Amino acid sequence: MKAIGGVVALVIVLGIGMFIYKAEFTQGPTGGAPPMQTIDVAGVRSELLSLAQAERLYLASHGAYTSLDQLQQEGSTAASGGARRGYSFEATIDDGQHFKIIATPSDPAKKGWPTLAIDDTMQISQQ
């Protein structure tokens, strides 16, 4: 009787383990996004953080935020408003005291990919 109970318990535990494996690990952390999309979006997030940090450094030395082109001219960043990883980056400056950088998919093959943004609070949001 103990042996039958042990086998039943083992089957139940294996069934629960299989359910958790299928639900959590087969889709990955991005909910089933293709690997290239996951890699490119992570790169765009990193680029947004880099641009936002360059804006903060510019604010500390000049007293106001500036455009991406100006950051590139100053050598603060290698990125400009052009496309990188199939995304285009655009900064909007509000009275020199606030900024928002938006990364929009510009490659036609990336239609439906997320548009990302970062502002002076250094928080990345998905739009």
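Residue indices follow the written sequence of each chain, beginning from 1 at its first position. Where local features are concerned, this predicted model is filtered to residues with pLDDT of at least 70; where side-chain atom pairs are given and counted, the filter is 80 or more; whole-chain, interface and lining totals use all residues. Computation of side-chain values: all heavy atoms of the structure, hydrogens and water removed.

Draft legend 1. Geometry of the overall build of the protein chain. When its secondary structure is counted, the protein chain shows 3 helices and 5 strands. A run of H or I in DSSP counts as a helix once it spans at least four residues, and a run of E counts as a strand once it spans at least two, with each numbered from the N terminus. Along the protein chain, helices and strands appear, N-terminal first, in the series α-α-α-β-β-β-β-β. It only takes one pair of heavy atoms within 4.5 Å for two residues to be counted as in contact. Contacts spanning at least 24 positions in sequence make up 42% of the contacts within the protein chain whose residues lie at least 6 apart. Where accessible areas are quoted, they stem from the Shrake-Rupley method and a 1.4 Å probe; at the residue level, only the protein chains shown are allowed to cover. With the model as given, the accessible surface of the protein chain reaches about 8100 Å², and the carbon-plus-sulfur share is 59%.

Draft legend 2. Molecular detail of the pattern of salt bridges. Salt bridge criterion: a side-chain nitrogen from Lys or Arg within 4 Å of a carboxyl oxygen from Asp or Glu. Applying the stated criterion across every chain yields a total of 2 salt bridges. In this structure, Asp-40 and Arg-85 form a salt bridge, with 3.0 Å as the shortest nitrogen-oxygen distance. Taken together, the residues Asp-40 in helix α2 (residues 35–62) and Arg-85 in the loop between β1 (83–84) and β2 (87–94) connect sequence positions 45 residues apart. For every residue, the accessible area obtained with a 1.4 Å probe (protein chains only) is divided by the maximum for its type, and the residue is called buried under 20%, exposed over 50%, and partly exposed between those limits. Relative accessible area serves as the criterion here: at 43%, Arg-85 is assigned to the partly exposed category. As a salt-bridge pair, Lys-110 and Asp-40 come within 2.6 Å of each other at their nearest N and O atoms. Placement of the pair is Lys-110 in the loop between β3 (98–105) and β4 (116–119) and Asp-40 in helix α2, with a sequence separation of 70 residues.

Draft legend 3. Representation of the packing of aromatic side chains in the model. Ring geometry is summarised as follows: Phe, Tyr and Trp rings, the Trp one being its six-membered ring, pair when their centres sit within 6.5 Å, and such pairs are stacked at plane angles under 30 degrees, edge-to-face over 60 and tilted between the two. Summed over the entire model, instances satisfying the criterion amount to 1 aromatic pair. When the ring of Tyr-65 is compared with that of Phe-99, the centres are 4.7 Å apart and the planes differ by 70 degrees; the resulting orientation is edge-to-face. Here Phe-99 lies in strand β3 and Tyr-65 lies in the loop between α2 and α3 (68–74), a separation of 34 residues in the sequence. Each of the two residues, Tyr-65 as well as Phe-99, counts as buried.

Draft legend 4. Fine view of α2. By this rule, a helix spans an expected 1.5 Å times one less than how many residues it contains. Helix length check: α2 (28 residues) gives 40 Å between terminal C-alpha atoms against 40 Å at 1.5 Å per residue, within 8%. Listed in full, the buried residues belonging to α2 are Gln-37, Asp-40, Val-41, Gly-43, Val-44, Glu-47, Leu-48, Leu-51, Ala-52, Ala-54, Glu-55 and Tyr-58. Phi turns positive one or two residues past the end of α2, at Gly-63, with a value near 85 degrees.

Draft legend 5. Structural context of the pairing of β3. We call two strands paired when DSSP finds no fewer than two bridges between them. Here β2 pairs with β3 via 8 bridges, running antiparallel. Directly across from Ala-91, in β3, lies its bridge partner Ile-101. Once β2 ends, the chain turns through 3 residues before running back antiparallel as β3, passing Asp-95 with a positive phi of about 55 degrees. In this structure, β3 lies alongside β4, joined through 4 bridges in antiparallel fashion.

Draft legend 6. Spotlight on a nonpolar patch on the surface. Residues enter patches when their relative accessible area tops 30% and they take part in no salt bridge; the joining distance is 9 Å for like charges and 5 Å for the nonpolar side chains Val, Leu, Ile, Met, Phe, Trp and Tyr. Nonpolar side chains collect at one region of the surface, where Met-1, Ile-4, Val-8, Ile-12, Ile-16, Phe-19 and Ile-20 lie side by side and expose about 790 Å² of accessible area between them. Checked against the element boundaries, Met-1 lands in the segment before α1 (2–25).

Draft legend 7. The arrangement of unusual backbone geometry in detail. Even without glycine at this site, Asp-95 takes up a positive phi of about 55 degrees. Residue placement: Asp-95 occurs in the loop between β2 and β3. A relative accessible area of 72% means that Asp-95 is categorised as exposed. In the Ramachandran plot, Met-122 falls in the positive-phi region, its phi being about 65 degrees despite a non-glycine side chain. If you trace the backbone, Met-122 turns up in the loop between β4 and β5 (124–126).

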